[in-house]
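Read off the chains here:
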Amino acid sequence: MAALSISSPHFSTPFLGQKLSSGTNSKPANSVATAAAKGPRCAVEGNVPTFPRINVWDPYKRLGISSSASEEEIWGSRNFLLQQYAGHERSEESIEAAFEKLLMVSFQLRKKTKINLKSRLKKKVEESPPWVKNLLNFVELPPTDVIFRRLFLFAFMGGWSIMNSADGGPAFQVAVSLAACIYFLNEKTKSLGRAFAIGLASLVTGWVCGSIVVPMVPTAILQPTWTLELLTSLVAYVFLFLGCTFLK
């Protein structure tokens, strides 16, 4: 058999044919598969542009904006550049790093400005005349949520008075507002007598100011059912709100 296969070059066995076929075709198949796997990735990386200012140290110059740019301009430049160079990891990291630096600088600047403003106000108070200092001793600034809660209460009283203006006067709403003002002042001062005095003074002052100011308002801009008593009570609500919120 060996001699026959050597002497006859056209003779081959089925096993030998299968072995030769598998041996010659396996390597090209693997090469084609590898090329198919690598080809699309190389094409995608090759089409993604690289950020040209990726190594620029100055964050303003890296984002292509001036040093006096606003936060809106900084955000706009960052979003535009990320859209232009999306898919290139180093470019995106460089853009984000510059953006974060500028945000930190902006935050520190706002914090410094706020501190400077407080220092200036404190200095102005210290340099003010004695009567201004004595007047400011009776005033305080409560937390923002306290201001808004009390503002909502007295605004509700004003709206209630306007809705019931056709039925009768706002005597009940004014009484409720005065009671609320005294309650808030008593919580703050821990003195019912002082709270009652400040609340009543706020109501009287508001009523007197309303009686003077309201007649000066043109009647053309007022509703027919809005009486002098109603408009005066609206002014009184403002003074009650200021008295129970900002007075000590």
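Our structure is the block above this text.
Everything numeric here is computed off the predicted structure, so don't read it as measured data.

Draft legend 1. Molecular detail of the overall build of the protein chain. Within the protein chain, the regular secondary structure consists of 10 helices and zero strands. Ordered by position from the N terminus, the helices and strands of the protein chain form the series α-α-α-α-α-α-α-α-α-α. A total of 248 residues make up the protein chain; the buried ones form 25% of that total. Of the roughly 17400 Å² of accessible surface on the protein chain, 66% is carried by carbon and sulfur atoms.

Draft legend 2. Here's a closer look at the packing of helix α9 (residues 192-213) against helix α10 (residues 228-246). Following both chains from N to C, one finds α9 and α10 inclined at 140°, their axes separated by 7 Å at the closest point. Between α9 and α10, the crossing angle belongs to the class labelled oblique. As for how α9 packs across α10, the hand of that crossing is right-handed. Side by side, α9 and α10 meet where I198, G199, S202, L203, T205, G206, W207, C209, G210 and S211 of the first sit next to E229, T232, S233, V235, A236, F239, L240 and G243 of the second.

Draft legend 3. The arrangement of unusual backbone geometry in detail. Even without a glycine there, the phi angle at K190 is positive, about 60°. Position of K190 among the secondary structure elements: in the loop between α8 (171-189) and α9.

Draft legend 4. Fine view of the packing of aromatic side chains. In the structure shown here, the tally under the stated rule is seven aromatic pairs. When the ring of W75 is compared with that of F99, the centres are 4.7 Å apart and the planes differ by 75°; the resulting orientation is edge-to-face. Of this pair, W75 sits in helix α4 (residues 71-84) while F99 is found in helix α5 (residues 89-127), placing the two residues 24 residues apart along the sequence. On the accessibility criterion, W75 (38% relative accessible area) is partly exposed. Judged by its relative accessible area of 5%, F99 falls in the buried class. With 6.0 Å between their ring centres and 85° between their planes, F241 and F246 make a pair best called edge-to-face. Within the aromatic cluster, the residues linked to one another by ring pairs are F154, F241 and F246. Between the NZ or CZ atom of R78 and the centre of the ring of F99, over which it lies, the distance is 5.0 Å.

Calculation notes
Residues numbered from 1 in each chain as written. Predicted model: local features only at pLDDT ≥ 70, side-chain atom pairs only at ≥ 80, totals over all residues. Heavy atoms only, no water. Helix = DSSP H or I, 4+ residues; strand = E, 2+ residues; numbered from the N terminus. Buried < 20%, exposed > 50% of the residue type's maximum accessible area, 1.4 Å probe, protein only. Areas by Shrake-Rupley, 256 points an atom, 1.4 Å probe, with all protein chains shown as cover. Axes fitted to C-alpha atoms, helices over the stretch in contact; angles between N-to-C directions. Parallel < 35°, antiparallel > 145°, perpendicular 65-115°, else oblique. Left-handed = near helix turned anticlockwise from the far one by under 90°. Contact = heavy atoms within 4.5 Å. Phe/Tyr/Trp six-rings, centres within 6.5 Å; stacked < 30°, edge-to-face > 60°. Lys NZ or Arg CZ within 6 Å of the ring centre and 35° of its normal.

By themselves, these observations are geometric and do not establish any function.
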